[in-house]
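# Close look at the chain arrangement
Okay, here's what each chain looks like letter by letter:
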Amino acid sequence: MLPAAMAFSSSISPSYSSLLSKSPRPSICNYKHKLPSTFIKMRPSFPLPLLHLPISRLGWSLLHQERDSFKSNLFSSVTSADSSLDEAVQGAQLPKGDSWSIHKFGGTCVGTSERIRNVANIVVKDESERKLVVVSAMSKVTDMMYDLVHKAQARDDSYIEALDAVFEKHKATAHDLIAGDDLSSFLERLQEDINNLKAMLRAIFIAGHVTESFSDFVVGHGELWSAQLLSAVVRKSGVKCACMDTRDVLIVNPTSSNQVDPDYLESGRRLEKWYSENSCDTVVATGFIASTPQNIPTTLKRDGSDFSAAIMGALFKARQVTIWTDVNGVYSADPRKVSEAVILKKLSYQEAWEMSYFGANVLHPRTIIPVMKYDIPIVIRNIFNLSAPGTTICRSTGFENEDAQRVDAPVKGFATIDNLALVNVEGTGMAGVPGTASAIFGAVKDVGANVIMISQASSEHSVCFAVPEKEVKFVAAALESRFRQALDAGRLSQIAVIPNCSILAAVGQKMASTPGVSATLFDALAKANINIRAIAQGCSEYNITVVLKREDCVKALRAVHSRFYLSRTTIAMGIIGPGLIGSTLLDQLRDQAAVLKENFNIDLRVLGITGSKTMVLSDTGIDLSLWRDLLKENGKVADLQKFVQHVHGNHFIPNTAIVDCTADASIASHYYDWLRRGIHVITPNKKANSGPLEQYLKLRTLQRQSYTHYFYEATVGAGLPIVKTLQGLLETGDKILQIEGVFSGTLSYIFNNFVGGQTFSKVVKEAKEAGFTEPDPRDDLSGMDVARKVIILARECGLKLELSDIPVKSLVPDQLKDCPSAEEFLLQLPQYDEDLAKQRHQAEAAGEVLRYVGVVDVVNQKGTVELRRYRKEHPFAQLSGSDNIIAFSTQRYEKQPLIVRGPGAGAEVTAGGVFSDILRLASYLGAPS
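Residues numbered from 1 in each chain as written. Predicted model: local features only at pLDDT ≥ 70, side-chain atom pairs only at ≥ 80, totals over all residues. Heavy atoms only, no water.

### Considerations on the sheet that holds strand 9 (residues 320-325)
Strand order across the open sheet formed by eight strands is 3-6-2-1-9-11-12-10, with mixed pairing between neighbours. The open sheet is flanked by strand 3 (242-244) and strand 10 (346-348), the only strands paired with a single partner. The mean inter-strand angle of the sheet, taken between neighbouring strand axes irrespective of direction, is 20 degrees. Direction of pairing for strand 2 (residues 130-135) relative to strand 6 (residues 282-286): parallel, over a ladder of five bridges. Residue pairing in the sheet places Lys131 in a bridge with Thr282 of strand 6. Of the strands in this sheet, strand 2, strand 3 and strand 6 are in contact with helix 9 (residues 221-236), which crosses strand 6 at around 165 degrees. (Pairing = 2+ DSSP bridges. Helix = DSSP H or I, 4+ residues; strand = E, 2+ residues; numbered from the N terminus. Axes fitted to C-alpha atoms, helices over the stretch in contact; angles between N-to-C directions. Contact = heavy atoms within 4.5 Å.)

### Quick look at unusual backbone geometry
For Arg155, which is not a glycine, the phi torsion comes out positive at approximately 55 degrees. In this structure, Arg155 sits in the loop between helix 5 (141-153) and helix 6 (159-177). We classify Arg155 as partly exposed; its relative accessible area is 49%. At Asn419, a position not held by glycine, the phi torsion is positive, near 60 degrees. With respect to the element layout, Asn419 can be found in strand 13 (residues 413-426). (Buried < 20%, exposed > 50% of the residue type's maximum accessible area, 1.4 Å probe, protein only.)

### Notes on the packing of aromatic side chains
With the rule as written, the count across this model stands at 15 aromatic pairs. Measuring from ring centre to ring centre gives 5.8 Å for Phe414 and Phe564, while their planes differ by 45 degrees; the resulting arrangement is tilted. One end of the pair, Phe414, is in strand 13; the other, Phe564, is in helix 18 (residues 553-565), with 150 residues separating them in the sequence. Of the two residues, Phe414 and Phe564, both sit in the buried class. (Phe/Tyr/Trp six-rings, centres within 6.5 Å; stacked < 30°, edge-to-face > 60°.)

Here it is in structure tokens:
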């Protein structure tokens, strides 16, 4: 029977002796290796010591290599590495220090020939005195290489076609990038590598098994080829460039936890030797791959290329390590789940460490270890957006003030881990019994499960911990076996598994010095109606971890992110009534929103607009430049309950306000319920405050007892500060004696123009044509609008009056109250001009003018609405247009009343009054003045 070694050696080319030697290997980037003709002569350190046996005796165990087994702890590896790292760096003779910058380019950065050119351009333009470039395999190549191994191991002969595809990919890329001798040299090496890989994969195919060393060796070729191509392109640009096979330099010790520990001392020695033979100011190095102390090819495992760059940064004691990727930096949360996530300009090592552990797309924690020793910053940058500054990870130096988020933000970011299960070990027999926790986690260790989080109350009645869901069955079985006697005896009551869980972690270095962070976090989750299964927080306070139901994870992430990252004055608004006032308000919001956000940190988001028939909703904010089209084309059937639920049900925005721009009493009847639910209400609708006294008192009592705000400035004087002025007088202890004023812009216009030969009916008709009246002028002439304003002010002053208590002088003749239409009313109105003409002549004869006024007589606790005469020198007689004027007679302003005057009607000023209330709400919520 033909020995396996002979079958193997017959097809493999002699180019791997350096891989098997205990001495540093010559670089595969620079020239070919020489190998003996058979594997029988291999040194014993090679991981196939039994390949000389006949194939019939070749089994699963023949290609298996035992790995050293010892516990590797992330923190202990930092400590143990310090002395050797110092010795390696200080003893090195090669140039080191700030003159070196390290760049790492991931697979997407070198995924195509065009992208490799782009990388070469960045390298050439880098003004650093010296630079080392760590490069990954081309995009998807590492997966393709692993697939080759898996297919060969499964005895699937399609691995041959798959390997041909790898060859063609790199061959085509090389033809596109380089030419001449560089191209010939690369293609020769590539063909040699492919031939050798075919032989090795053939051996794996025959054995049906693969060792980790063989797998690592096969997979590492992707980095070799991309490094060779990039270095050739850099040289093509006229820059002297050396190519480093990092297996010649980086020495690592595999651990039992699928990780490796760098040997900094030996790596430093080999780097010095390599540099003495390949001295160059620009070096392109392979990422991901390294060697064991026995010169067996291996990899740096997860995120190995980043780890390579960090190790090189420490060995060179470089100025900076730049990790080039396809995102703009580290986000405050996963932007695929939280649209409001922002780029963090800076993170401390510890913050990046915590966020990466909890699943954020940051660096792997081990990548940070080598650079921490020398305070070497790591910069995450986007190769496809060079204008983005990226994220800098460095030692904390009070840089928080420079960050984009609020200066006082204690939480830097949020991360989640899904597909977890909670295991709860519970029983009275656990309390005070030494070694219980050790026994629990010893059983977990025996099944090789990874404990993500641990939580135990001080009562010691229970211990719960989170493990990956795929491992929980084995963990539960191991615990039940280990504690069978305790369970039977009742010392342990249960070992319970809670599946379908996720972890949410809040991370931030300032959390330790900021009171109330936990309270804010839990309050945000509570308001989002999310239940917490378990909580953990370390004494360092760099993170707070909570366990939630998996289906609640995204909602929870958005809720807490908005609470910490959105402006405190981010307000979700629902606009009811897009009529004249509502539409004007929406246009004002559209024009001013950006200014408010930039200058005052006020973020106003209209999440819904509804009329009587249709409504439009949005989760993040309606584009107010398109709201009319959206309402018309995408509008749904109006449903007030669904509308309010949508606006208030958005748990990702801390504040909710409903803006009622209607005059509808049925809408006003909902204010109490909205305020009770924590929804702020802003309105020009008079119906709530002038409605039944009992309902009004109930509404105001609720509002005063809560932290929910109810603003209604525009109910009295449109944009004039009448209610606010009155409240200011009362709050400062002044006593109101009387409030008298022209409260109707319509009636102000009519009586300001009811002069000379003008008839009353003609002036009313002109006012309607000019748009100063309601569609039916009788709504203005009846005086009920003025009466509602009077009752609102009277109730502000503490008078408990009903609307029916206010005597109103109507200007609508009794005979015309029941006219079927406004047009019919205007046709018949001239018949009744004589009475008002007579009153005007009498006033003019006495040097007076007519004004339609409302009066709140606080002293006598009554109110009236009537037509009064005023001397021409009186402020009321000097009105023009549609101006309103209100006079406050108080103890402080008794001799000379406090006058408020200005436009009291019109969509612009009324909408402006509502807008002013919105900004007042923002101010109450903490917006800067």
